[in-house]
Structures are given as C-alpha cells and as structure tokens.
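Overview (structure and organization)
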Amino acid sequence: MARGQGKTYEIDMCSGAILPKLLQFALPLMFSSILQLLFNAADIIVVGRWAGDNSLAAVGSNASIIGLLTNLFIGLSVGANILAARFYGAREKESLRQTVHTAIFLSLLGGLFLTVVGAFGAHTILVWMQSPPEVLDLATLYLRIYFLGMPAMMFYNFGAALLRAVGDTRRPLYYLFFAGVVNVVLNLIFVIVCRLDVAGVAIATVASQCVSALLVLRCLTKTGGSVRLDLRQLRIHPLRLRQIMKVGIPAGIQGILFSLSNVVIQSSVNSFGEIVMAGNAAASNIETFIYASVNAFYQANISFTSQNLGAGRIDRIRPIMVRALGCAVVVGGVLGGSALLLGPRLLGIYSDSPAVIAAGMDRLRIVCALYALCGLMDVIVGSIRGIGFAVTPMLISLIGACGLRILWVSVLFQIPAYHTIHTVYISYPVSWTITFLAQLTCYCLGMRHLKHRMGETEKTPDVV
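Computed from a predicted structure; not experimentally measured.

1. Describing the overall build of the protein
Secondary structure assignment for the protein yields 16 helices and 0 strands. Summarising its shape, the C-alpha atoms of the protein cover approximately 60 × 45 × 35 Å along the three principal directions. The burial tally for the protein puts 59% of its 464 residues in the buried class. Accessible surface computed for the protein: about 17,900 Å², of which carbon and sulfur atoms make up 68%.

2. Some words on the environment of Thr70
Looking at the element boundaries, Thr70 is found in helix H3 (residues 63-90). A sequence separation of 12 residues divides Thr70 from Ile82, and the C-alpha atoms of the two residues are 19 Å apart. Filtering out sequence-adjacent residues up to four positions away, Thr70 remains in contact with Leu114, Phe147, Met150 and Met154.

3. Considerations on the packing of aromatic side chains
Scanning the model with the defined rule gives 7 aromatic pairs in all. Ring geometry for Tyr371 against Trp432: centres 5.1 Å apart, planes inclined by 65°, an arrangement best described as edge-to-face. Within this pair, whereas Tyr371 is found in helix H14 (residues 371-386), its partner Trp432 is found in helix H16 (residues 421-457), the two being separated by 61 residues in sequence. Here Tyr371 falls in the buried class, since its relative accessible area comes to 6%. Judged by relative accessible area, which is 3%, Trp432 ranks as buried. Each residue in the set Tyr142, Tyr146 and Phe147 is aromatic and connected to the rest through ring pairs, giving one cluster.

4. Some details on helix H11 (residues 317-341)
Across its 25 residues, H11 extends 36 Å between first and last C-alpha, which sits within 8% of the 36 Å expected from 1.5 Å per residue. The complete set of buried residues in H11 reads Ile317, Ile320, Met321, Ala324, Leu325, Cys327, Ala328, Val331, Gly332, Gly336 and Ala339.

5. Brief notes about the pattern of salt bridges
Tallied over the entire structure, the rule returns 6 salt bridges. Glu94 is paired through a salt bridge with Arg97; the nearest N and O atoms lie 2.6 Å apart. Here Glu94 pairs with Arg97, and both are found in helix H4 (residues 93-128), just 3 residues apart, close to one helical turn.

6. Some remarks on the side chain of Ser303
Within the fold, Ser303 resides in helix H10 (residues 274-310). Given the relative accessible area of 0%, Ser303 is considered buried. Residue contacts for Ser303: discarding those within four places in its chain leaves Met13, Phe25, Asn81, Ala85, Arg164 and Ala165.

7. Brief notes about a nonpolar patch on the surface
Together, Trp50, Phe177, Val181, Val184, Val185, Leu188, Ile189, Ile192 and Val193 make up a nonpolar patch on the protein surface, roughly 790 Å² of accessible area in all. A per-element tally of the nonpolar patch places helix H7 (residues 170-193) first, with 8 residues. Following the sequence through the fold, Val184 ends up in helix H7. Judged by its relative accessible area of 38%, Val184 is partly exposed.

8. Some thoughts on unusual backbone geometry
For Arg91, which is not glycine, the phi torsion reads 60° and is therefore positive. In this structure, Arg91 sits in the loop between H3 and H4. Unlike most non-glycine residues, Asp197 shows phi in positive territory, near 60°. By secondary structure assignment, the location of Asp197 is in helix H8 (residues 197-222). Here Asp197 falls in the partly exposed class, since its relative accessible area comes to 24%.

9. Concerning the packing of helix H9 (residues 238-270) against H14
Two elements in contact, H9 and H14, have axes separated by 13 Å at closest approach and are oriented at 160°. Considering the angle they form, H9 stands roughly antiparallel to H14. For H9 against H14, the interelement crossing comes out right-handed. The residues of H14 that touch H9, namely those facing Pro250, Ala251, Gln254 and Phe258, are Met377, Val381 and Arg385.

10. A short note on H7
Given a rise of 1.5 Å per residue, 24 residues ought to cover 34 Å, and the 34 Å separating the end C-alpha atoms of H7 matches this to within 8%. Three or more residues of H7 are buried, namely Arg171, Pro172, Leu173, Tyr175, Leu176, Ala179, Gly180, Asn183, Asn187, Phe190 and Val191. Arg195 occupies a position one or two residues after H7 and carries a positive phi of about 55°.

11. A short note on the nonpolar core
Nonpolar side chains tend toward joint burial in soluble globular proteins. Counting 143 residues, the largest nonpolar core has Tyr142, Phe147, Val269 and Leu347 as its most contacted members. Top contributing element to this core by residue count: H10, with 16 residues. Those residues in contact with Phe147, other than ones at most four positions away along the chain, are Ile66, Leu69, Thr70, Leu114, Thr115 and Gly118.

12. Examining the side chain of Gln439
Within the secondary structure, Gln439 is located in helix H16. Looking at Gln439, the relative accessible area reads 0%, which means it is buried. Not counting residues up to four positions away in its chain, the partners in contact with Gln439 are Ile380, Val381, Ile384, Pro393, Ile396 and Ser397.

13. Some words on the confidence of the model for the protein
Here the protein shows a mean pLDDT of 85. Residues at 70 or above account for 94%. Taken as a whole, residues 1-7 scores under 50 in pLDDT and shows 13 contacts with residues more than four places along the chain or in a different chain. Low pLDDT, under 50, characterises residues 456-464; the predicted model gives this stretch 23 contacts beyond four residues in sequence or across chains.

Parameters at a glance
- Residues numbered from 1 in each chain as written.
- Predicted model: local features only at pLDDT ≥ 70, side-chain atom pairs only at ≥ 80, totals over all residues.
- Heavy atoms only, no water.
- Helix = DSSP H or I, 4+ residues; strand = E, 2+ residues; numbered from the N terminus.
- Buried < 20%, exposed > 50% of the residue type's maximum accessible area, 1.4 Å probe, protein only.
- Areas by Shrake-Rupley, 256 points an atom, 1.4 Å probe, with all protein chains shown as cover.
- Contact = heavy atoms within 4.5 Å.
- Phe/Tyr/Trp six-rings, centres within 6.5 Å; stacked < 30°, edge-to-face > 60°.
- Expected span 1.5 Å × (residues − 1).
- Salt bridge = Lys/Arg side-chain N within 4 Å of Asp/Glu carboxyl O.
- Patch = residues over 30% accessible without salt bridge, like charges linked within 9 Å, V, L, I, M, F, W, Y side chains within 5 Å.
- Axes fitted to C-alpha atoms, helices over the stretch in contact; angles between N-to-C directions.
- Parallel < 35°, antiparallel > 145°, perpendicular 65-115°, else oblique.
- Left-handed = near helix turned anticlockwise from the far one by under 90°.
- Core = buried A, V, L, I, M, F, W, Y, C linked by side-chain atoms within 4.5 Å.
- pLDDT = per-residue confidence, 0-100.

Next comes the structure, spelled out in structure tokens:
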C-alpha cells in the first residue's frame, strides 16, 4: 500500500508481491525515458529529413559528448534517489526532507556549471573528438545552445529521481509527454518554417526541457507527499550532501567512464567519414530507446533495494534482483530483435539515403542482437548500489567495460586486418558480458558482507 498524503502515486516496496509492483514502477519509467529520448530523436529525424546528412551527423555526433559532460551530475541524482528511498523505507521524515532540499539545490548548481562548460568549451571538445571540418561548426552551434538548457534538465532529473524514490513514476511520465509534444511541434516550426537548421532543433529541445522542469517544480512544491519541496528551505545540508556524494560520485564517474569509452568509439567511427557517422548516429539513436527500456529495471532495482534495506527487509533483496534481471533480459531481447528485424524501416525514418541506412544496419546487426547482455550488466549494478556499495561497481566498470573498449580500439582496431567498423561495434557485446560476470561476483560477495554486518549491528550500514 502507499503511504501518506501522496498515496495515489507512492508505492510501498517493502511488502507484498514484488513483480507486480516492480512493473507498476518500471513501466511508467520506461515510457518516461522513451519520451525523454524523443527530444533528441525528434532533432535527428527533423534534421535528417529537412536539413541534410551533414546536419544529421552534427547532431548525432554530439550524443556521446552530452553524456560525458552530464553523467557526473546524473550520477549524483542516483545518489539522491538511493538516499531518499532508504530514508523513506526507514520512515525518517526529517532526513528525507533534508535530502530533498539538498538534492534540488545541487541540481541547480550543477546545471549552471554545465551551461558554462558547454558554452565556452564546445568547439575545443569537438576538435578533440576529431569531428570532420564540414560538420564542426554545425555541431558546435547545436552543443552550445543545447547546454543553455542544462539547469532545467538537471532540475528535472533530480526531481524525477526523488519522486522515483517513493515509487512515483507516473507523474514524470505525464510531464514528459506534454514536453515531448512541445518539442516536436517546435522542431517542425523552427526547422521547416523558419529554416534554422541545427539551431532550431537545439532551441526546441531547450524549450521542452524548461517545460518538463517547470511541471516537476509545480509537482514538488504542491504535493502533500513525502518529497514536498519548499523553495524557502533550499540549502545544502552538509551531512546529506556527503551521503549523496558517497553514492553519486562513483555512479557519476562510472557514467563518465562509459561516456569516455563511447567518445573513443565515436572518434573511431568518425574516421570512416560522413556516411558511416550518419548511419551510426541513426542506429545509436534507435538503440537508446532499447537501453532506456532495460534501464527502467535498473532504476526500479535501485529504489526497491534501497527501500527494503532501509526497512530492514534483507530477505527481499535477492528476489528483487532476480525479477529485475529477468525483466531486463526479456525486454532487451524482444526490443533488440525487433529493432534488428525492422532496421531498414526504422533507419529510413532518419535518412532516405541507402548508404546511410546500410551503414546503420552494420551497427544494428552486431549491437541490437545482443542487447539483453547490456540489460544484465546494468541491472545488477542497481542491486550493488542499492545495498550500499558504490565504489566497487565503478571500479569494475572502469576495468571491464571502459578499459576493455579503449584497449580494444587502441590495439585490435589498429591491426590492418581488423581496422573495420565491425571490429569497433563488436567491442560492445564483449565488454557487456565480461562486466556482467564481474559485477555478479561483486554482488554475491556484497550480500554476504551485508548479511554479516546486519546480523552483528541490526542496523542499516553506511554506504561503502
């Protein structure tokens, strides 16, 4: 049952059947993530259809850079989610209130910082990534405008993370649906009618991010639930900041490391020219929808595990993990297979160039067919973080996924016989498999340690 005044939306994750509540939590989150991705998808589709392949390559090649620059703060939102869920499960209302106000204040500071970095560093970063001269100016313009919306984007992500902590994934879905409609309409007006090219889609994205942020702000300030926000109380509570950062910084660093490896991959892709870049951008965008779907179960796993740890329900943590992994495998397998089967039609949405579609299929055949492995790798990390281990999964990801991909590109890809785009793409399923096996071992050891500590102290352990 739900608790408190927010009973319509909040979920008690510490009792009752796990799978129905897991789905009740994850499905709205899945659709929310997909709608959020439609912001960027609308950009790519509109520029691919009405602005040309150079503009498509310029927008698509920015995805890895955006991830690289934002993932530290997205990781901090994960820390806020875990801490809030744990306090909610333990019914520590004052600690939860402090967490909410610290997290929101932190989101605004992070957004302003990213705006400055994006505005002044866009051109230099894209040069480092070896963006071709013919798309460099367009890519720089898009990135600079996009980062003007960072305060709104960060506010939304932190606000949604706090709502997820208490089981509310439905209201963010409604807000993103409305913002997504705004984004698509503005894209069509700015690009087709006003002919603003990549600047138009960037402005539309910023506007839609502001809309979603304002709706979340209204939700948090008007709600009578456990995560009510009072703007007059916005401040940093040092203890809560330290606790958020203990989990959030390793999570953010892990995200940065993944993005860094993707930047290396993108640089390798760039070396094959505009057609491969455009095909890779379109295929990657299709894959992000699959990733968002399986990642919903990672988010669900974190919130469910954290709430149960706070409530002392250690017996429910392993069943939560098993069900979340099973859901991720099914969703990843079905959607990955469907994307492969419908690949030419889906890629045709982004570009009508046969060469671009063929280049996109090269990636889909290798990556999408095995996307369930990515789901396994991600979801198991949710269990590890949820039980309080933050640094270990980061280190495993550094070695197993990021380090392996960089080594793969730096060594194997440089051998003439293997200097192909297929060699670059194969690095993904190989790194997913190795990293999942290492994370699974970490989870088993972590649970043994947790049960030992809980048996001795009979209280929730600190994040380690």
